[in-house]
Amino acid sequence: MEKILEVKGILKIYPNGVIANKDVSVDIEKNTIHAIVGENGAGKTTLMKVIFGITQPQEGEVFYKGEKINLKSPHDAIEIGIGMVHQHLMLAPDLTTAENMVLGIEPLRGKIFLNIDKAFEVTKKVSQDYGFDIPIDKKIKDLPIGIRQRVEILKALFRNAELLILDEPTTFLTPQEIDVLFNTLKDLKNHGKTIIFISHKLKEVKQIADRITVMSDAKIVTTKEASELTEHDIAYLMVGRDISFERISPPEKMGKPLLSVQNISYINDENVKLLNNVSFDIRESEILGLAGVEGNGQSELIKIITGLLKASEGNIYIKGESIKGLSPRVIREMGIAHIPEDRMGYGVADKTSLEENFIVDRYYKSPFSKIFRLIWKYITNHSRKLIEQFKILTLSSKTTVSSLSGGNIQKVVVARELSSEHEILIAAQPTRGIDVGSEEHVHNLLKNTRDAGKAIFLISADLDEILKLSTRIIVIYNGEIVAEFTDVPKISGKYLGPYMLGVKKQEAAVG
Ligand SMILES: Nc1ncnc2c1ncn2[C@@H]1O[C@H](COP(=O)(O)OP(=O)(O)OP(=O)(O)O)[C@@H](O)[C@H]1O
Ligand SMILES: [Mg+2]
């Protein structure tokens, strides 16, 4: 087999002393889809950044098509035919989709000015060619994260790379979009391209990869043909123990309703009805799972419950008290914790430390502060405990969040929310980007939270997660609750599918 890329003996130490890659060697065969898996912080993104010229290693060599390369920037990488879709999307927020699409390779008018019509035209064509629907003239910052991910993928495809690196490209995509992407990737492979694919979803890895490399603790554990490994094998190689994918047992008893959503409707600025008469209760010791293809009103519903958006009709009650007109902070004080779906947008302030991120919601309370003074000793101790409990990989509690790996940033958000004083937890995509070992850990913590009498609203694009944890499941389609299932142990993902796609609807669905 011809090798398109040979990585030899990479050593990468970040300025703060973290060894992210140690003696990393791997061959990527031409015309294959090569998956890279490993725990959060194992060094996957770092290795990709080395290959793509974003960061320079202290030791080691990279050969591309047999020739040694020394890339100084992503620009150099693109020049020789390497493309990359980043884990944390790197689009220019103030530019439109079309402007981002042609960034750096702009079609010009009169040699100076951007030919915007041409930019629109190409963007439309790329989106049609690859089957990803995107608006062409909206600013990136105004788009939901799922659409931003589509733009980022299209941008990389448009540059027609021969070696395409995809660092967790499916995190924000719906199952349908993942299918579209996988067909595109197979198609690219059939046309002689090579793909490096990173994901924590082992099912996806098994589905798409020809070869699999497992990384752990900055090193390569093994590289094997995908056919030689099962999902369980991969999980075991990653974390060194068996992972349970079993459903958790239902709660012994449930108490009174803590959260009550009554007849919520929402019409947006463009006069589109995104939520229609949504009603449900969540009780003490209950996990209510919301199943649905992303973009069917889930984001709006979460924002309304947490006070970030105003409902057009209906009302929400926390322990019997209406939250109408209350600010997010007051609603939080009433007992709501919230793991947001977009960790970089709403979950963390990434230029500040873990400590600061851990206390954003509690710094003004005792024992975190006294008479307007922060008690740093206490804050540091509190942070260290969370770091240990949630196994967050970081040098210290004073480290800046942006220097953590993606999954570890997610753990920061989960740790803060689960440690906040709350009775109701809104958990949106709680394990997004988290490795299988830590996912199991977070699932156990959610179960403990439930057993402590709290009400959990679980919104997840991952059906396995919904089925594993929920006491009861409701399905949302096109802004409406179309089904409710109370006997979860009898339900399978296949059974929910037609409801999620709007093909089936229960007559007596809640709402
Ligand atoms: N810019 C940086 N400065 C300092 N340390 C960093 C930086 N980027 C990453 N690290 C550290 O390097 C290690 C490897 O991180 P990397 O992002 O490569 O992990 P990963 O395998 O991609 O993890 P994930 O699955 O969570 O995305 C981690 O310990 C991380 O904290
Ligand atoms: Mg990463």
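So, the domain arrangement of the protein chain
Here the protein chain is described as being made up of domain 1 (3-239) and domain 2 (257-500). Computed over C-alpha atoms, the centres of domain 1 and domain 2 are 29 Å apart. Domain 1 puts 21 residues into the contact, and the matching count from domain 2 is 22 residues. Take the side of domain 1 that touches domain 2: its biggest share by element is three residues, from helix 8 (residues 231-239). Looking at the side of domain 1 that touches domain 2, its residues break down into seven nonpolar, twelve polar and two charged.

Focus on the pairing of strand 4 (residues 59-64)
Two strands pair when backbone bridges link them, and strand 1 (residues 3-13) and strand 4 are joined in this way by five bridges, in the antiparallel orientation. Bridge assignment links V7 to a residue of strand 4, and that residue is V62. In this sheet, strand 5 (residues 67-69) lies alongside strand 4 in antiparallel orientation, the contact comprising three bridges. By the bridge assignment, V62 is partnered in strand 5 with I69. Connecting strand 4 to the next strand, strand 5, in antiparallel fashion are two residues, including K65 with a positive phi near 50°.

Side note on unusual backbone geometry
Phi is mostly negative for residues that are not glycine, and the peptide bonds are mostly trans. Put simply, S366 and P367 share a cis peptide bond, and its omega is 0°. In this structure, K65 is a non-glycine residue whose phi angle is positive, near 50°. On the neighbour-count criterion, K65 (15 C-beta atoms within 10 Å) is partly exposed. The phi dihedral of N271 falls on the positive side, at around 65°, and the residue is not glycine. Among the structural elements, N271 can be located in the loop between strand 13 (257-267) and strand 14 (273-283).

Topic: the sheet that holds strand 9 (residues 163-167)
Read across the open sheet, the six strands follow the order 6-9-10-3-11-12; overall the sheet is mixed. Each having just a single partner strand, strand 6 (82-85) and strand 12 (219-225) make up the two edges of the open sheet. Adjacent strand axes in the sheet meet at a mean angle of 15° when their direction is disregarded. Across five bridges, the pairing between strand 9 and strand 10 (residues 194-198) is parallel. Within strand 10, the position partnered with L164 by the bridge is I195. With respect to the sheet, helix 1 (residues 44-51) is in contact with strand 3 (33-38), strand 6, strand 9, strand 10 and strand 11 (211-216), its orientation differing from that of strand 9 by roughly 150°. Of the strands in this sheet, strand 6 and strand 9 touch helix 5 (residues 145-158), which is tilted by about 175° from strand 6.

With respect to the packing of helix 14 (residues 406-418) against helix 15 (residues 436-451)
At a closest axis distance of 12 Å, the pairing of helix 14 and helix 15 adopts a crossing angle of 10°. By the angle between their axes, helix 14 is roughly parallel relative to helix 15. Residues G407, K411, V414 and L418 of helix 14 pack against S438, V442, L445 and T449 of helix 15. Split into classes, the residues belonging to the contact of helix 14 with helix 15 amount to four nonpolar, three polar and one charged.

Concerning the site of ligand 1
Near ligand 1 lie 20 residues; those nearest to it are N40, T45, T46, S405 and G407. Partitioned by chemical class, the residues of the shell around ligand 1 number six nonpolar, 13 polar and one charged. Two domains each provide a minimum of three residues to the shell around ligand 1, namely domain 1 (3-239) and domain 2 (257-500).

Looking at the sheet that holds strand 13
Overall, antiparallel pairing links the four strands, which are arranged 14-13-16-17 in an open sheet. In the strand order of this sheet, the two ends are held by strand 14 and strand 17 (321-322), each with one partner. Bridge analysis of strand 13 against strand 14 gives seven bridges, and the strand direction is antiparallel. Note on strand 14: the bridge partner recorded for Y266 is L275.

Description of the nonpolar core
In terms of nonpolar packing, the biggest core is built from 68 residues, with I426, A427, F457, L458, I474 and V475 touching the most fellow members. For this core, the leading source of residues is helix 14, giving six residues. In contact with F457, not counting residues within four places along its chain, are L259, I282, L288, L290, I426 and A427. Judged by nonpolar contacts, the second largest core, of 61 residues, contains F52, L91, I195 and I198.

So, the environment of I304
Checked against the element boundaries, I304 lands in helix 9 (residues 298-305). Along the primary structure I304 and E480 are separated by 176 residues, whereas in three dimensions their C-alpha atoms are 15 Å apart.

As for the pairing of strand 3
Most of strand 3 is tucked away, with six of its six residues classed as buried. Burial of the side chains of strand 3 extends over both faces: I33, A35 and V37 are buried on one face and H34, I36 and G38 on the other. In terms of strand pairing, strand 3 meets strand 10 through four bridges, oriented parallel. Within the sheet, the bridge partner assigned to A35 lies in strand 10 and is F197. Examined bridge by bridge, strand 3 and strand 11 share five bridges and lie parallel to one another. Pairing of H34 across the sheet is with R211, part of strand 11.

What counts and what doesn't
- Residues numbered from 1 in each chain as written.
- Chains lettered and ligands numbered in written order.
- Predicted model: local features only at pLDDT ≥ 70, side-chain atom pairs only at ≥ 80, totals over all residues.
- Domains from an automatic or database assignment.
- Contact = placed C-beta atoms within 7 Å.
- Helix = DSSP H or I, 4+ residues; strand = E, 2+ residues; numbered from the N terminus.
- Nonpolar A, V, L, I, M, F, W, Y, C, P; charged D, E, K, R; others polar.
- Pairing = 2+ DSSP bridges.
- Buried ≥ 20, exposed ≤ 12 C-beta atoms within 10 Å, placed from the backbone.
- Axes fitted to C-alpha atoms, helices over the stretch in contact; angles between N-to-C directions.
- Parallel < 35°, antiparallel > 145°, perpendicular 65-115°, else oblique.
- Near = placed C-beta within 6 Å.
- Core = buried A, V, L, I, M, F, W, Y, C linked by C-beta atoms within 7 Å.

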